[in-house]
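Spelled out, the chains give:
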Amino acid sequence: MRIEVDGVRVEYASGRGREPVLALDGVSFEVGSGAFVALLGPSGCGKSTLLAVVAGLMAPSAGEVRFVEEGGRPAAGGDGMGAGQALSAVVFQEFALFPWRTVMDNVTFGLEVRGVGSGARREAGRRYLEMVGLGSVAQRLPAELSGGMKQRVGIARALAVEPRVLLMDEPLSALDAQTRALLQQDLLQLWERTGKTVLYVTHNIEEAAFLSDRVVVLSRRPGRVKAEVVVPFGRPRD
Ligand code: ADP
Ligand code: ADP
């Protein structure tokens, strides 16, 4: 599944007679099928806004996002925002776990919303918790876990709905350097194992270079693509 971001423009109406904020000014790029693309740029350049548009959480003022199957067919799952919602899952910087739900019930939340029965939920929950190395803490609450573990729960929760496309918004930025380094390695392994198409937002150039095949650089203002860089030195796995 390929993602085509085509001329996406987003203006935030800031209200009370103030000028609208132009967050994205006609951004275009592609994320190839099974690719790991990093979206890099300074704070405020529109990265989170772009991810929200791709996820179908926000409608662009102009332009569109298309999800395309390998043969060139548009993906089933609807047009516009519906496609993003049906095909993608998001991992957030601040984890966004439900504090009163166990780790297991956090991971299976998306399945519950989709009406998946409890037996199948539990099975999927176990599978994805094991995939991120957290099989033994399924009944804990998020507050009992370290930051790195919380983000592993966030990743398992995103994978559990079996999205075609995985979107990550600064997923390692709230973690300490050591945990970040560990999780970087694990993310690469997960990506290889699952073959997901990944769009990864970060302001960290080392993270972008380490993780991705291709880096799309957004300029500070207005939100436009400044450069596209194919990471030339390859990952450690190569
Ligand atoms: P980044 O993720 O790269 O830090 P954002 O997408 O969060 O950038 O923001 C892009 C621009 O849009 C910034 O100038 C920000 O202040 C502005 N912005 C983001 N959200 C809103 C909002 N809800 N209302 C008004 N302006 C916003
Ligand atoms: P990691 O990213 O490997 O989880 P962290 O810094 O997040 O690294 O955590 C360090 C280690 O501390 C974890 O691998 C885990 O073994 C242990 N740990 C922290 N909190 C708990 C907990 N509540 N229950 C079990 N083990 C824990």
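An unreviewed UniProt entry lists the protein chain under the name ABC transporter ATP-binding protein, with Geochorda subterranea as the source organism.

K.L.:
Even after reading the chapter, I still don't get the site of ligand 2, so can you show me in this structure?
P.N.:
Taken together, R140, E144, S146, G148, M149, R152, T179 and L182 are the residues near ligand 2. Note that a nitrogen atom of ligand 2 is positioned 3.0 Å from one of the side-chain N or O atoms of R140. Here E144 contributes a backbone N or O atom positioned 2.4 Å from a nitrogen atom of ligand 2. When isolated, ligand 2 has an accessible area of 540 Å², and the protein chains bury 54% of it. Within the residue set of the shell around ligand 2, elements represented by two or more residues are α6 (147-160) and α7 (177-194). Here the shell around ligand 2 takes 3 residues from α6, the largest share from any one element. Classifying every residue of the shell around ligand 2 gives 2 nonpolar, 3 polar and 3 charged.

K.L.:
Would you mind showing me how to read the packing of helix α5 (residues 118-131) against α6 here?
P.N.:
Helix-helix packing: each pair is described by the crossing angle between the helix axes and the interaxial distance. Orientation of α5 relative to α6, taken along the N-to-C sense of each, is 135 degrees, at an axis distance of 9 Å. Taken together, the axes of α5 and α6 lie oblique to each other. Viewed along their axes, α5 and α6 form a crossing whose handedness is right-handed. Residues Y128, L129 and M131 of α5 touch α6, and the partners they reach there are A156, L159 and A160. Residues of the contact of α5 with α6, tallied by class, amount to 6 nonpolar, no polar and no charged.

K.L.:
Quick question: what am I supposed to make of the pairing of strand β3 (residues 36-40) here?
P.N.:
On any regular strand, side chains alternate: one points to one face of the sheet, the next to the other face. Summarising burial for β3: 5 of the 5 residues are buried, a large majority. Burial along β3 is two-sided: F36, A38 and L40 facing one way and V37 and L39 facing the other are all buried. Bridge analysis of β3 against strand β7 (residues 197-202) gives 5 bridges, and the strand direction is parallel. Bridge assignment links F36 to a residue of β7, and that residue is V198.

K.L.:
So what exactly am I meant to see when it comes to helix α2 (residues 80-87) here?
P.N.:
Each full turn of the α-helix corresponds to 3.6 residues, which orients residues three or four apart in the same direction. The complete set of buried residues in α2 reads A83, G84 and L87. Mapping the buried residues of α2 onto a view down its axis gives an arc of 95 degrees, with all of them on the same face. Packed against the buried residues of α2 are α1 (47-54), β4 (62-68), β5 (88-91) and β6 (165-169).

K.L.:
Explanation requested: the sheet that holds strand β8 (residues 214-218) in the structure shown.
P.N.:
Strand pairing in a sheet is mediated by backbone hydrogen bonds. Such pairs are either parallel or antiparallel. One open sheet accounts for 6 strands, arranged β5-β6-β7-β3-β8-β9; its pairing is mixed. Two strands lie at the open edges of the sheet, namely β5 and β9 (225-230), each paired on one side alone. Across this sheet, the average inter-strand angle for adjacent strands is 15 degrees, counted without regard to direction. Note: β6 against β7, 5 bridges, orientation parallel. Paired with M168 across the strands is Y200, a residue of β7. Docked against the sheet, α6 engages β5 and β6, running at close to 175 degrees with respect to β5.

K.L.:
Looking at this structure, I do not really get the side chain of T197. What am I missing?
P.N.:
Among the structural elements, T197 can be located in strand β7. Beyond its immediate stretch of four places on either side in the chain, T197 contacts M1, I3, V31, G32, S33, G34, A35, R164, V165 and L166.

K.L.:
Got a minute to help me understand the packing of aromatic side chains in this structure?
P.N.:
We describe a pair of aromatic rings using the distance from one ring centre to the other and the angle between the two ring planes. Tallied over the entire structure, the rule returns 4 aromatic pairs. On the numbers, 5.5 Å between centres and 45 degrees between planes, the contact of F36 with Y200 is tilted. Remark: Y200 occurs in strand β7 and F36 occurs in strand β3; sequence separation between them is 164 residues. Residue classification places F36 among the buried positions, given a relative accessible area of 0%. Plain terms: the ring middles of F98 and W100 are 5.6 Å apart, the flat faces sit at 45 degrees to each other, and that makes the pair tilted. Among the residues examined, F98 registers a relative accessible area of 23% and is labelled partly exposed.

Quick notes on the rules
Residues numbered from 1 in each chain as written. Chains lettered and ligands numbered in written order. Predicted model: local features only at pLDDT ≥ 70, side-chain atom pairs only at ≥ 80, totals over all residues. Heavy atoms only, no water. Near = heavy atom within 4 Å. Polar contact = N/O pair within 3.5 Å; in protein donor to acceptor, adjacent residues only side chain to side chain. Areas by Shrake-Rupley, 256 points an atom, 1.4 Å probe, with all protein chains shown as cover. Helix = DSSP H or I, 4+ residues; strand = E, 2+ residues; numbered from the N terminus. Nonpolar A, V, L, I, M, F, W, Y, C, P; charged D, E, K, R; others polar. Axes fitted to C-alpha atoms, helices over the stretch in contact; angles between N-to-C directions. Parallel < 35°, antiparallel > 145°, perpendicular 65-115°, else oblique. Left-handed = near helix turned anticlockwise from the far one by under 90°. Contact = heavy atoms within 4.5 Å. Buried < 20%, exposed > 50% of the residue type's maximum accessible area, 1.4 Å probe, protein only. Pairing = 2+ DSSP bridges. Arc of directions from axis to C-beta. Phe/Tyr/Trp six-rings, centres within 6.5 Å; stacked < 30°, edge-to-face > 60°.

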